[in-house]
Amino acid sequence: MTFAEKVRYGAGVALLGAGAAANAAAIDVSDVVTDIAAQAAPVGLIGAAVLVLFVGVKAFRWVRGALA
């Protein structure tokens, strides 16, 4: 192993050790998770409305094309 490889290896080990030592305390994300879960129903309703609108327009064009 060359000197440059040893330096790279040592630097990598030092960075890994520093990263493990720098762990922060756990962050409480329960409020955010609760807010996201509460938004599931409104987002689902909006998605369903968009889908119904899309299908309605396609059906209208299909019927109009069949009658023309």
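Keep in mind it's a predicted model, so treat the numbers as computed, not measured.

Now, about the overall build of the protein: what can you tell me, with residues and values included?
Helices and strands together make up the secondary structure of the protein, namely three helices and zero strands. Ordered by position in the sequence, the α and β elements of the protein form the string α-α-α. Looking at the protein residue by residue over its 68 residues, the buried ones come to 0%. In the form shown here, the protein has an accessible surface area of approximately 6,200 Å², with 74% of it arising from carbon and sulfur atoms.

Talk me through a nonpolar patch on the surface; I want residue IDs and the actual numbers.
On the surface, Ile27, Val29, Val32, Val33 and Ile36 cluster together into a nonpolar patch covering about 510 Å² of accessible area. For Val33, the position within the fold is in helix H2 (residues 30-38).

Outline the confidence of the model for the protein, supporting the account with residue identities and numerical values.
When pLDDT is averaged across the protein, the result is 84; 75% of the residues are at 70 or more. Taking the mean pLDDT of every element in the protein, the minimum, 64, falls on helix H1 (residues 3-21) and the maximum, 96, on helix H3 (residues 40-67).

Pulling in residues and values, what's your account of the packing of H2 against H3?
Interhelical geometry of H2 versus H3 gives an angle of 30° and a closest axis separation of 4 Å. Compared by their axis directions, H2 and H3 come out roughly parallel. On H3, the residues touching Ile36, Ala37 and Ala38 of H2 are Ala40, Ala41 and Pro42. Of the residues assigned to the contact of H2 with H3, the class counts are six nonpolar, no polar and no charged.

Criteria and cut-off values
Residues numbered from 1 in each chain as written. Predicted model: local features only at pLDDT ≥ 70, side-chain atom pairs only at ≥ 80, totals over all residues. Heavy atoms only, no water. Helix = DSSP H or I, 4+ residues; strand = E, 2+ residues; numbered from the N terminus. Buried < 20%, exposed > 50% of the residue type's maximum accessible area, 1.4 Å probe, protein only. Areas by Shrake-Rupley, 256 points an atom, 1.4 Å probe, with all protein chains shown as cover. Patch = residues over 30% accessible without salt bridge, like charges linked within 9 Å, V, L, I, M, F, W, Y side chains within 5 Å. Salt bridge = Lys/Arg side-chain N within 4 Å of Asp/Glu carboxyl O. pLDDT = per-residue confidence, 0-100. Axes fitted to C-alpha atoms, helices over the stretch in contact; angles between N-to-C directions. Parallel < 35°, antiparallel > 145°, perpendicular 65-115°, else oblique. Contact = heavy atoms within 4.5 Å. Nonpolar A, V, L, I, M, F, W, Y, C, P; charged D, E, K, R; others polar.

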